[in-house]
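If you want the building blocks of each chain, they are given just below.
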Amino acid sequence: MKRKTMILTLMLSCVSGVYAQNNPNNVYVSGKTPLQINAPTDREIIGGTIINVTYEGSRISNTLKGAFEYACRLMEERMPTIYPLNIKVQIANFRDNQCLAMVEPIPMQNQWYDDRAYYKRSSHFDPGYTGEYFEPTLDFFKGTDAVIKFSATQPFDYNLNTENIQPNKYDFVTVALQALIKAVGFSCKTYSSGTTVTITDPSNKYTHSILSSNSSDNYRYAISGQATIQAASGSKNKWKLECNAPYKPGISLNYFAEEPSNKETAIMQYGISKGSYIRYVGNGIKDFFSFCGWDRPIITSGKNSISIENGKANSVIAFQGVHSKEKSDLPSNRLLSNDNDDVYI
């Protein structure tokens, strides 16, 4: 009997060790069957956010830069318009050999939400925004929003063409996309003890949207099998989160539920395996932004109110440069004009 008890204790310790290693801001490897999803040619564009990237360190190659910029363009298409996000990219050595990338959001000081992207979104809604005693300055908009560190030792494949991705390597673009989604707030900021899950202080908008101030209720919800994300705009879609027992720190509520056939949530399912590639930021992420109160379109008020509608990737017309012409010579695809120059799309 004593021997059985010792074995059971050892097994539980091993399980706890596996779960304890997971940081909600990290992107991890997986041994699951490779999942391969290309970006649709005809895909919805829901925003116009610009992601500015600073590359730091001598170990960053031009190949890595090209793959990360490509991931940024895919992400920009699928997130609501906010003021430009500023991301710093580094290469690092991790002690955890299961870690592909680490995201370090730059914390806000003395604010209710520790979430720079949230405040940029709020300021975009209202240029005079001063919520939670926050008055944005130019330095705030110019500052770094998150640092993303990629493993120096993991075998990455930087191919943009998915047909050339090697089965024994990790698709860098997929890893970068999941890291970017974490950088903009898909990370449940909590600490757990026994049968309680408590929101950290400060935390981010997503955490306060999914959980309450009751730590016991939070724990029960996190293992209920019923935790979901649903758009605030009235969408009927409910996207299930990782929420089955036992509670898994860093995983529960931090990812969509394991469902390989669901391409709408695939990019934020836990773990990335060698040979996998996911180039589609699905509707699960679109509804995540809505769930956090980041709905599109933005509507300007006043005499000349306009509503911005979503576009389609296959309807984009290549930029044709800036020209100086007489107004009578302007083509029908004129986008903006002033007395001297016109911009065409």
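A quick note: this is a predicted structure, and the numbers were derived from the prediction, not measured.

**Remarks on the confidence of the model for the protein**
Part 1 of the argument: Mean pLDDT over the protein stands at 83; residues scoring 70 or higher make up 75%.
Part 2 of the argument: pLDDT under 50 marks residues 1–20. Its contacts with residues more than four places away, or in other chains, come to four contacts.
Part 3 of the argument: In the predicted structure, residues 333–345 sits below a pLDDT of 50 and forms 38 contacts with residues beyond four places in sequence or in another chain.

**Focus: the nonpolar core**
Part 1 of the argument: Residues Phe68, Phe150, Phe186 and Tyr206 are the most contacted members of the largest nonpolar core, which totals 80 residues.
Part 2 of the argument: When residues of this core are assigned to their parent elements, the largest contribution, nine residues, is made by helix α5 (residues 172–183).
Part 3 of the argument: Every residue in contact with Phe150, bar those within four places of it in the chain, is listed here: Phe68, Val89, Gln90, Ile91, Ala92, Phe94, Leu100, Ala101, Phe156, Phe172, Val175 and Ala176.

**Looking at the sheet that holds strand β4 (residues 51–55)**
Part 1 of the argument: Spatial ordering of the open sheet is given by β1-β6-β7-β5-β4, a layout of five strands whose pairing is mixed. Strand pairing shows two members of the sheet lacking a second neighbour, β1 (26–28) and β4, which therefore form its edges. Across the sheet, the mean angle separating the axes of adjacent strands is 20° when strand polarity is ignored.
Part 2 of the argument: Sheet topology note: the β4/strand β5 (residues 85–92) ladder contains five bridges and is parallel. When the bridges of β5 are listed, Asn52 appears paired with Asn86.
Part 3 of the argument: Lying over the sheet, helix α2 (residues 62–77) contacts β4, β5 and β7 (146–151), oriented at roughly 160° with respect to β4.

**Here's the deal with the pairing of β7**
Part 1 of the argument: The buried fraction of β7 amounts to six of the six residues, a majority that puts the element mostly inside the structure.
Part 2 of the argument: Of the strand pairs in this sheet, β5 and β7 are connected by six bridges, and their pairing is parallel. Each residue of the ladder has a partner; that of Lys88, found in β7, is Val147.
Part 3 of the argument: With five bridges joining them, strand β6 (residues 99–105) and β7 adopt antiparallel strand pairing. The residue bridging Glu104 from the neighbouring strand is Val147, located in β7.

**Let's talk about the packing of aromatic side chains**
Part 1 of the argument: Summed over all chains, the structure comprises 20 aromatic pairs.
Part 2 of the argument: Taking 4.5 Å as the distance between ring centres and 45° as the angle between the ring planes, the aromatic pair formed by Phe150 and Phe172 counts as tilted. Here Phe150, found in strand β7, pairs with Phe172, found in helix α5; they are 22 residues apart in sequence, far enough to count as distant.
Part 3 of the argument: What makes Phe150 buried here is its relative accessible area of 0%.
Part 4 of the argument: When the centroid spacing of 5.4 Å and the interplanar angle of 85° are considered together, the rings of Phe156 and Phe172 count as edge-to-face. Linking Phe156 in strand β8 (residues 156–157) with Phe172 in helix α5, this pair joins segments that are 16 residues apart in sequence.

**Details of helix α7 (residues 215–222)**
Part 1 of the argument: Taken together, the buried positions of α7 are Ser215, Asn218, Tyr219 and Ala222. The buried residues of α7 occupy an angular sector of 100° when the element is viewed end-on, so they sit on one face.
Part 2 of the argument: The N-terminus of α7 is capped by Asn214, whose side-chain oxygen sits 3.1 Å from the backbone nitrogen of Ser216.

**Topic: the side chain of Thr49**
Part 1 of the argument: Its location among the elements puts Thr49 in the loop between β3 (44–45) and β4.
Part 2 of the argument: A distance of 2.8 Å separates the side chain of Thr49 from the backbone oxygen of Pro80, its partner in a polar contact.
Part 3 of the argument: Setting aside its immediate chain neighbours within four residues, Thr49 contacts Glu76, Met79, Pro80, Thr81, Ile82, Tyr83 and Leu85.

**So, the pairing of β6**
Part 1 of the argument: Strand direction decides the pairing type here: β1 and β6, joined by three bridges, are antiparallel. Looking at the pairing, Asn26 lines up with Met102 of β6.

**Re the pattern of salt bridges**
Part 1 of the argument: Within this structure, the stated rule accounts for 12 salt bridges.
Part 2 of the argument: A salt bridge links Arg78 to Glu44, with the nearest nitrogen and oxygen atoms 3.6 Å apart. In this pair, Arg78 sits in the loop between α2 and β5 while Glu44 sits in strand β3, placing the two residues 34 residues apart along the sequence.
Part 3 of the argument: In this structure Arg78 comes out as buried when scored by relative accessible area, which is 5%.
Part 4 of the argument: Notably, a salt bridge pairs Glu56 with Lys88, separated by 3.5 Å at the nearest N-O pair. Placement of Glu56 in the loop between β4 and α2 and of Lys88 in strand β5 is noted, with a sequence separation of 32 residues between them.
Part 5 of the argument: Note on Glu56: relative accessible area 37%, which makes it partly exposed.
Part 6 of the argument: Three or more residues are tied together by salt bridges with common partners; here these are Glu44, Arg78 and Lys286.

The rules behind these values
Residues numbered from 1 in each chain as written. Predicted model: local features only at pLDDT ≥ 70, side-chain atom pairs only at ≥ 80, totals over all residues. Heavy atoms only, no water. pLDDT = per-residue confidence, 0-100. Contact = heavy atoms within 4.5 Å. Core = buried A, V, L, I, M, F, W, Y, C linked by side-chain atoms within 4.5 Å. Buried < 20%, exposed > 50% of the residue type's maximum accessible area, 1.4 Å probe, protein only. Helix = DSSP H or I, 4+ residues; strand = E, 2+ residues; numbered from the N terminus. Pairing = 2+ DSSP bridges. Axes fitted to C-alpha atoms, helices over the stretch in contact; angles between N-to-C directions. Phe/Tyr/Trp six-rings, centres within 6.5 Å; stacked < 30°, edge-to-face > 60°. Arc of directions from axis to C-beta. Polar contact = N/O pair within 3.5 Å; in protein donor to acceptor, adjacent residues only side chain to side chain. Salt bridge = Lys/Arg side-chain N within 4 Å of Asp/Glu carboxyl O.

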